[in-house]
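Residue-level structural notes
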Amino acid sequence: EHNFYFEGGVKSFVEYLNINKTKIQEEVIYFERDRDGVGVEIASEWNDSYIENIFTFANNINTKDGGTHLVGLKSALTRTINVFLSESKFSKKMPEPLSGEDTREGLTAVVSVKVPNPQFEGQTKGKLGNSEIKGIVEQVVNEGLQEYLEKHPRETEKILEKCVLAATARVAARKAREHARRKNPFESNGL
């Protein structure tokens, strides 16, 4: 018999993963909802690192290759943060919307879904394939994250600032690459 139990659930797991990192917000963003017979539990927290650290579970099975629940989280996260960015003081600084990488830089998150009939891809059950889970997770993340960001304006500002800095660095790196390619002496046609 094996008991898989962690006091505080996925919220405590995220706190544990970020224990030696400088956190952006004061508390872990946590929400849990049931939709169409599917239980969705999500905990997330941004830190000052540059690496995204997302763990996904389906019926307590670690889906290390992600799947539809991970896709739902990523798309909803990007959309929701872009909506808040467009209404913030940072919107003037951004000539283009944030990309998914910008919103997930420094993010530690755990997504756990309880699916009645899971469809896994591969022998190791490393990827969840239920297509309806993407939409369910998107709805839950949109609602839960929007609720959190509206109630915590100071944390929202810190998260948006982190995302804008990531986007600024990404755009600057792209411009530097384009500039370096244009200055390549071997590509000139003048002989």
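Here, the structure is the one placed above.
What comes next is a walk through the structure. (Residues numbered from 1 in each chain as written. Predicted model: local features only at pLDDT ≥ 70, side-chain atom pairs only at ≥ 80, totals over all residues. Heavy atoms only, no water.)

Re the nonpolar core
Counting 38 residues, the largest nonpolar core has Ile81 and Val113 as the members making the most contacts within it. The element that contributes the greatest number of residues to this core is helix 4 (residues 131-151), accounting for eight residues. Sequence-distant contacts of Ile81, that is, excluding residues within four places in its chain, are made with Trp46, Leu98, Thr103, Leu145, Ile159, Leu160 and Cys163. (Core = buried A, V, L, I, M, F, W, Y, C linked by side-chain atoms within 4.5 Å. Buried < 20%, exposed > 50% of the residue type's maximum accessible area, 1.4 Å probe, protein only. Helix = DSSP H or I, 4+ residues; strand = E, 2+ residues; numbered from the N terminus. Contact = heavy atoms within 4.5 Å.)

Structural notes on the packing of aromatic side chains
Tallying each qualifying case throughout the model produces one aromatic pair. Ring geometry for Phe13 versus Phe55: centroids 5.5 Å apart, planes at 50°, classification tilted. Of the two residues, Phe13 is situated in helix 1 (residues 9-17) and Phe55 in strand 3 (residues 53-58); the sequence distance between them amounts to 42 residues. Given a relative accessible area of 25%, Phe55 falls into the partly exposed group. (Phe/Tyr/Trp six-rings, centres within 6.5 Å; stacked < 30°, edge-to-face > 60°.)

Looking at helix 5 (residues 153-182)
Its 30 residues place the ends of helix 5 43 Å apart at the C-alpha level, agreeing with the 44 Å of an ideal helix rising 1.5 Å per residue. Taken together, the buried positions of helix 5 are occupied by Glu155, Thr156, Ile159, Leu160, Lys162, Cys163, Val164, Ala166, Ala167 and Val171. In this structure, the buried residues of helix 5 make contact with strand 1 (29-35), strand 2 (38-46), helix 2 (68-86), helix 3 (100-104) and helix 4. (Expected span 1.5 Å × (residues − 1).)

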